[in-house]
Amino acid sequence: MSLDMQSFASALKQHYTSDRIENMVYADNPLLAMIPKMEQFGGKNLPIPIIYGNPQGRSAVFATAQANKTNSQLKDFVLTRNQDYALASISNEVLEASRGNANAFMEAATVEIDGAIQSATRSLAIALYGTGSGSIGRVSNSSFATTVLQLSEAGDVTNFEVGMSLVVSATDGAGTVRSGTLDVVGVDRDLGQVTMSGNLSAGISAIAQNDYVFVEGDYDAKVKGLRAWLPDSAPTSSPFFSVNRTSDVTRLAGIRFDGSAMPIEEALISAAARVAREGGKPTHRSE
C-alpha cells in the first residue's frame, strides 16, 4: 500500500497567509464623518443661539417705520448630552496567548477593543438619521410563530448585527416597550430579514405588525438626529431643546417637500428650487 495523504497528514505543515484578516463590518459612516465634533462638552448644557428674523421697523414712511419697530427674533437650542456604552471583556489567558505575531493572527485586545469602539461608532452613525427614539427598523410580519423577523424596509437591515438583544414597541418613542427580548442569531442582508434566537411570539408575546424595533436599552435614549431636527411633518408647540419651533417652522425645523407624485427629475428640480428659495445650497446627496 502506498503512503497517501490521509496516512501522512500528521507530518504535513499548515501554511498561513501573511495578509491581515479582513473586517467585513460596515466601515464608512459619511454623515458622522461630515459633522464637526465638539470634544470638550463640560458643564450642564450647551446653548446654541440663532437669529431667525430681523427687526421689522421698516416702511417707506419714517413715522410708520418708527411706530412699527420690532426686535430681532432669536432662539437658543439648549443641548444636553446622551450616554452610549460599548463594552469589551477579555479573559487574561486569551490576552496573554494572543500576544505577538508568532502566537496569533491578531491580538485579542485589538480585536475586542477596536470592535467595541466600532460598535459605538455605528450606534451613533445610525442615530444621526433618527428622531432620538432609538428605532432601527419596523416589523413587517403578519405571522409570529417563526424565528424570522421581516423588516418593513429591507435597507434597515444594515442596522442589525448578530448578537444584538432586541425589544419592540407599538410607538416610535414616547411610550413603552413590550415585555420580552430576543437575540439576533442571523442576518439576511439580501432579503431584509433577521433570524432571532426563538419564535417571535414566544420571546415577545404581544409583538405586532408595524411595531418598531430597538436594541434593548435604547428606547428614547439616543441622540436627536436628522428626523428630529428636520421632522417629516411640521413640529407642534412641544419644546425641542427648549425651543417652540412653530413661530417659523421652516427656519427652525427645516424644509418639507413631497415630490412623490412627480417624475424623479421634476421632483429633484422642484426640491432644489424650494431649498434655494430659503437660501440653502445643497452640497451632498443621500445614497
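The model shown is predicted, which means the values in this text are computed figures rather than measured ones.

Colleague: Can you break down the packing of aromatic side chains residue by residue, with the values?
Modeller: The relation between two aromatic rings is expressed through the spacing of the ring centres and the mutual angle of the planes. Inspection of every chain in the model, using the stated rule, returns six aromatic pairs. An angle of 25° between the planes, with centres 5.6 Å apart, marks the rings of tryptophan 229 and phenylalanine 241 as stacked. Remark: phenylalanine 241 occurs in the loop between helix 7 (226-229) and helix 8 (249-253) and tryptophan 229 occurs in helix 7; sequence separation between them is twelve residues. By relative accessible area, tryptophan 229 is classed as partly exposed at 29%.

Colleague: Describe in detail the layout of surface pockets, supporting the description with residues and values.
Modeller: In this approach, a probe sized like a water molecule rolls over the atoms, and the result shows the empty space that is left. As a volume, the second largest pocket reaches approximately 1100 Å³. If you trace the second largest pocket, you find 34 residues lining it, with Ile35, Leu79, Leu124, Leu128 and Val223 closest to the centre. Mapped by element, the contributors of at least two residues to the lining of the second largest pocket are helix 2 (30-34), helix 5 (108-127), helix 7 and helix 8. When grouped by side-chain class, the residues that make up the lining of the second largest pocket number 20 nonpolar, seven polar and seven charged.

Colleague: Describe the pairing of strand 8 (residues 212-215), and please don't skip the residues or the numbers.
Modeller: Successive residues of a regular strand alternate their side chains across the two faces of the sheet. Both strand 3 (residues 135-138) and strand 8 contribute to a ladder of three bridges, which runs antiparallel. Residue glycine 137 lies in a different strand from strand 8, and its bridge partner there is valine 213. In the sheet, strand 5 (residues 165-169) pairs with strand 8 via four bridges, with the strands oriented antiparallel. Note on strand 8: the bridge partner recorded for serine 169 is tyrosine 212.

Colleague: A description of the nonpolar core should follow, citing residues and the corresponding values.
Modeller: Core analysis: the biggest nonpolar cluster contains 18 residues, and Leu149, Leu166, Met196 and Val213 have the highest contact counts within it. Each residue touching methionine 196, except ones within four places of it in the same chain, is listed here: Thr147, Leu149, Leu166, Leu182, Asp183, Val184 and Val185. Grouped together as the second largest cluster of nonpolar side chains are eight residues, Phe77, Ala228, Phe240 and Val243 included.

Colleague: So, the sheet that holds strand 8: which residues are in play, and what are the values?
Modeller: Read across the sheet, six strands follow the order 3-8-5-6-7-4 without closing on themselves; strand pairing throughout is antiparallel. Each edge of the open sheet carries a strand with a single partner, namely strand 3 and strand 4 (148-150). Taken over all neighbouring pairs, the strand axes of this sheet differ in orientation by 45° on average, direction set aside. Two strands pair when backbone bridges link them, and strand 5 and strand 6 (residues 182-188) are joined in this way by two bridges, in the antiparallel orientation. Bridge pairing links serine 165 to aspartate 183 in strand 6.

Colleague: Quick rundown of helix 9 (residues 264-277)? Include the residues and the values.
Modeller: Every α-helical turn comprises 3.6 residues, leaving residues that sit three or four positions apart pointing alike. With 14 residues, helix 9 should cover 20 Å at 1.5 Å per step; its first-to-last C-alpha distance of 20 Å lies within 8% of that length. Just downstream of helix 9, glycine 279 is the residue with a positive phi angle, here 90°.

Colleague: An account of unusual backbone geometry is needed here, citing residue identities and associated values.
Modeller: The phi dihedral of alanine 174 is positive, around 60°, even though this residue is not glycine. The topology assignment puts alanine 174 in the loop between strand 5 and strand 6. Positive phi values are uncommon outside glycine, yet aspartate 220 reaches one of about 55°. Position of aspartate 220 among the secondary structure elements: in the loop between strand 8 and helix 7. Residue classification places aspartate 220 among the partly exposed residues on the basis of a relative accessible area of 43%.

Colleague: Explain the environment of leucine 87 to me, and be specific about the residues and the numbers.
Modeller: Turning to its location among the elements, leucine 87 is positioned in the loop between strand 2 (73-79) and helix 4 (92-97). On a C-alpha basis, the gap between leucine 87 and isoleucine 117 in space is 8.5 Å, while along the polypeptide they are 30 residues apart.

Colleague: Please give an account of the side chain of serine 169 that cites residues and values.
Modeller: You can see serine 169 is positioned in strand 5. Of note is the side chain of serine 169, whose polar atom sits 3.1 Å from the backbone oxygen of threonine 171. Excluding residues within four positions of it along the chain, serine 169 makes contact with Thr176, Val177, Arg178, Asp211, Tyr212, Phe214 and Tyr219.

Colleague: Tell me about the side chain of asparagine 159, and name the residues and values.
Modeller: Within the secondary structure, asparagine 159 is located in the loop between strand 4 and strand 5. A relative accessible area of 12% places asparagine 159 in the buried class. From its side chain, asparagine 159 meets the backbone oxygen of isoleucine 136 in a polar contact 3.0 Å long. Excluding its chain neighbours within four sequence positions, the residues that come into contact with asparagine 159 are Arg122, Ile126, Ile136 and Met164.

Colleague: How would you explain empty space enclosed by the protein if you had to name every residue and give the values?
Modeller: Scanning the entire structure with this criterion turns up one cavity of 30 Å³ or more. By volume, the largest cavity is sized at about 50 Å³. Residues belonging to the lining of the largest cavity are distributed by class as follows: nine nonpolar, no polar and no charged.

Cut-off values and rules
Residues numbered from 1 in each chain as written. Predicted model: local features only at pLDDT ≥ 70, side-chain atom pairs only at ≥ 80, totals over all residues. Heavy atoms only, no water. Phe/Tyr/Trp six-rings, centres within 6.5 Å; stacked < 30°, edge-to-face > 60°. Helix = DSSP H or I, 4+ residues; strand = E, 2+ residues; numbered from the N terminus. Buried < 20%, exposed > 50% of the residue type's maximum accessible area, 1.4 Å probe, protein only. 1 Å grid on protein atoms, 1.4 Å probe; cavity = no way out; pocket = protein on both sides within 12 Å on 5 of 7 lines; lining within 4 Å. Points joined across faces, edges and corners; volume = space filled by probe spheres on them. Nonpolar A, V, L, I, M, F, W, Y, C, P; charged D, E, K, R; others polar. Pairing = 2+ DSSP bridges. Core = buried A, V, L, I, M, F, W, Y, C linked by side-chain atoms within 4.5 Å. Contact = heavy atoms within 4.5 Å. Axes fitted to C-alpha atoms, helices over the stretch in contact; angles between N-to-C directions. Expected span 1.5 Å × (residues − 1). Polar contact = N/O pair within 3.5 Å; in protein donor to acceptor, adjacent residues only side chain to side chain.

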